[in-house]
Structure formats: structure tokens, C-alpha cells
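Examining the three-dimensional arrangement
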Amino acid sequence: GTVFGINPVSAIPSGSQISEYNWIGLINSNWSETSNWSNGLVPVENSKISILSSSNNPDFNGIAVFNSLFVNSQASINLLPMAVIEIAGDLTICETGKLILKNTVTEKSSLIVNGNASGKIFSEYPVVAGQNSLVSSPVDMAVTGTFLSMYLRDYNEASSQWGDYIVPTEDPLQVMRGYEVFSLFSETRVFEGIPNIKTKSFEISNLGNGLNLTGNPFPSYIDWESDNNDNWERNSVAAAIYYPDPAGSGNFAVYLPGTDAAVSINNGIRYIAPMQGFFVKASQPGTLTVKESSRVRNFND
């Protein structure tokens with residue numbers, strides 16, 4: 001017979017979970033194509049969605065809030081650059097399922113989960129040859145081998161200098177710690193692991209020059225402009241952030257919040273991209289904490 005417009009039922013891969021909106025990928029990878037969905041129904045706001053294994057994996061390009069997302073075994077979904085999916089409930093990715101965050105050097109996709117998250121995501125990070133980049137892992141379980149054959153190091157505030165290049169490949173990339181990456185060749189690397197979705201903290205020191213290299217711990221943009229403790233706890237650092245100019249000038253971008261009186265140098269902006277590492281200046285020892293309420297899906301000019 002038929003289940004949610006899937007006929008025959010044997011067309012549903014064994015062990016799959018189905019929902020009110022089911023991707024079956026009959027035609028192509030277009031999310032908005034009705035024939036790619038069971039019953040010809042494209043998901044709307046607050047839908048419960050299941051991605052079934054098919055010959056065409058969906059490409060999502062837009063901004064939407066869904067109730068839940070279930071990625072079945074052998075199934076895959078791509079979030080294209082600048083796409084944003086916010087999940088009010090739970091994200092479930094089966095063992096062989098994939099949710100891939102597609103990114104360019106200047107445009108990143110975003111995933112915001114407000115419930116629970118299980119299973120791994122894959123977040124692409126394009127490395128540009130000859131360019132120093134500051135990175136931060138958006139997932140738990142990522143390791144230094146993510147940047148195998150490249151130059152990876154962290155910053156030591158106490159000695160006021162860069163640390164040694166990291167040689168082991170199985171060392172964990174600490175959540176909310178920033179790292180510098182340099183490569184002789186351009187290649188896209190992938191952070192793989194369970195997405196960070198809850199409040200994260202980073203220990204701040206001022207034993208040396210006070211510069212601490214931290215980073216965005218979430219697979220979404222976050223807003224540095226908000227200076228209240230609903231989004232951040234940052235009493236131990238000065239207001240400005242510093243990171244490489246995204247235009248590639250070789251200088252540092254600076255953003256000093258202040259709403260209409262904010263200061264931006266070398267393309268510094270209030271929104272910190274996924275996987276972006278950045279420096280803060282310590283005014284005293286303490287902790288920098290970023291809460292999930294800092295995540296944004298709608299951007300102001």
C-alpha cells in the first residue's frame with residue numbers, strides 16, 4: 001500500500017523513520033521540487049522532516065525553522081553557503097547518514113539546534129594557500145588530523161607568542177580554542193563530529209600580553225554586538241575582537257561594538273562566522289562564556 005504518498009511501501013529503505021514530510025528525491029536535488037517529496041508536499045515552517053536514502057540528495061538554500069530533522073541511514077542533506085536551518089526540536093543523524101555544511105571562504109552555512117542533537121555533522125572549511133587563518137571547531141570530537149599536512153598551532157598568552165606546530169594527528173581540537181592554520185596548497189578540510197549546541201566557556205588569562213585566541217564554538221553565526229549577559233559573559237576581556245581581514249589584505253580586522261557608534265576596521269563585523277577564531281584582550285583572569293542565545297539566523301545591515 002501507500003504510506004505518506006510512498007508507493008509501494010517496499011520503496012522505503014529498511015529501518016527508516018518516516019515523518020509528515022519525507023524526502024524521496026525522485027527528480028533532482030532541488031529542495032523546492034514537489035516531486036522530490038512524498039505526497040508532493042514541500043516542508044513548511046515548523047515541519048517534522050525525514051530524509052530518506054535516495055538517488056538524489058537534497059540541497060537546502062534558504063532560511064527556515066523546522067520542528068525536527070531526521071537523516072536516515074545512507075541519506076544525506078547539504079546546507080548550501082549562507083543557508084540557515086534552525087531546528088526547534090531535535091536533530092537526529094543515523095550512523096551512516098550525513099548532514100553537510102557547505103561553505104566558501106567568505107560565505108558559511110548555519111545550523112541551529114534548540115533541542116537535542118545526535119549523530120555527526122560535516123562542516124567544510126576551505127583553506128587558502130599562503131594565507132594565515134584562525135579557526136575554531138564547531139563540533140565535539142574533532143581532532144588535529146583535520147589539518148593533516150598543514151601547519152597548525154595555538155597561541156600562548158603567557159609567553160605572548162605562538163606555540164609549536166602541532167604534530168600529533170589524534171589530539172582533540174579543544175572547543176572554543178582558536179588555532180592558526182597555514183597551508184602551502186588550497187584544499188577544503190572537514191570538521192566531523194557532534195555539533196556544539198549548548199553554552200560554552202573558555203578560560204582567559206593575562207599572564208603575558210593579555211591576548212587570548214578563542215573562537216566561535218557553534219556551527220552558526222554568533223553576534224558579538226550584544227553586551228548583556230543573556231548572550232555573553234565577558235567581563236574579563238575588553239570589548240574589541242581581532243581576526244584576519246576576510247578580504248585577504250593580510251591585516252587584522254577589528255570590531256568594537258557600540259550599535260550606531262560601533263567601530264569597524266579592515267572589514268570587521270559584529271557577526272562571527274562559524275569556525276572563525278579571534279583574539280580578545282584580557283583585562284583580568286576569568287572566563288569568556290558564549291550562550292546559545294548568541295546564535296543568529298537573521299542578519300541586520
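Since we're looking at a predicted model, the values are computed, not measured.

Rules used in this analysis
Throughout this description, residue numbers start from 1 for each chain and increase along the sequence as written. Totals for whole chains, interfaces and linings use every residue, but because this is a predicted model, local features are given only for residues with pLDDT of at least 70 and side-chain atom pairs only at 80 or more, for both listing and counting. The side-chain quantities take in all heavy atoms of the structure and omit both hydrogens and water. Strands pair, by our definition, only if DSSP identifies at least two bridges between them. Note on conventions: DSSP H or I runs of at least 4 residues are helices, E runs of at least 2 residues are strands, and numbering of each starts at the N terminus. To get an axis, fit a line to the C-alpha atoms, keeping to the stretch in contact for a helix; angles then go from 0 to 180 degrees between the N-to-C directions. We place a 1 Å grid over just the protein atoms. Points where a 1.4 Å probe fits but has no way out form a cavity, open points with protein on both sides within 12 Å along at least 5 of 7 lines form a pocket, and any residue with an atom within 4 Å of a point lines it. Grid points are joined across faces, edges and corners, and a volume is the space filled by probe spheres set on the points. All amino acids are sorted into three groups, where Ala, Val, Leu, Ile, Met, Phe, Trp, Tyr, Cys and Pro are nonpolar, Asp, Glu, Lys and Arg are charged, and the leftover types, Gly among them, are polar. Pairs were defined over the aromatic rings of Phe, Tyr and Trp, the Trp ring being its six-membered one, requiring ring centres within 6.5 Å. Orientation was assigned from the angle between planes: stacked under 30 degrees, edge-to-face over 60, tilted for the rest. Using a 1.4 Å probe on the protein chains alone, a residue whose accessible area is under 20% of its type maximum counts as buried, one over 50% counts as exposed, and one in between counts as partly exposed.

Let us now look at the sheet that holds strand E15 (residues 151–153). Taken in spatial order, the three strands of this open sheet run E13-E18-E15, and their pairing is antiparallel. The open sheet has two edge strands, strand E13 (133–135) and E15, and neither has a second partner. Neighbouring strand axes in the sheet, compared pairwise and without regard to direction, differ in orientation by 30 degrees on average. Two elements, E15 and strand E18 (residues 179–182), share three bridges in a ladder whose sense is antiparallel. Residue Tyr151 lies in a different strand from E18, and its bridge partner there is Phe182.

If a probe the size of a water molecule is rolled over the atoms, the empty space left behind becomes visible. What the largest pocket holds in volume is close to 670 Å³. Elements with a minimum of two residues in the lining of the largest pocket: strand E12 (121–127), E13, strand E24 (241–244) and strand E27 (271–272). Residues of the lining of the largest pocket, tallied by class, amount to 19 nonpolar, ten polar and three charged. The computed volume of the second largest pocket comes to approximately 190 Å³. Surrounding the second largest pocket, Tyr155, Asn156, Glu157, Ala158, Gln174, Arg177, Phe202, Glu203, Ser205, Leu207, Asn212 and Leu213 form its lining.

On to the sheet that holds strand E14 (residues 139–140). Spatial ordering of the open sheet is given by E3-E6-E9-E12-E19-E14, a layout of six strands whose pairing is mixed. Edge positions in the sheet fall to strand E3 (59–60) and E14, since each has one partner strand and no second. Sheet topology places strand E9 (residues 98–101) next to E12; two bridges connect them, and they run parallel. Paired with Ile100 across the two strands is Phe122, which belongs to E12.

Under the defined criterion, the tally for this structure stands at 17 aromatic pairs. For the ring pair Trp23 and Trp37, a centre distance of 5.2 Å and an interplane angle of 85 degrees mean the geometry is edge-to-face. In this pair, Trp23 is assigned in strand E1 (residues 21–23) and Trp37 in the loop between E1 and strand E2 (48–51), connecting sequence segments 14 residues apart. The burial state of Trp23 is the same as that of Trp37; both residues are buried.

Coordinates in, geometry out; function isn't part of it.
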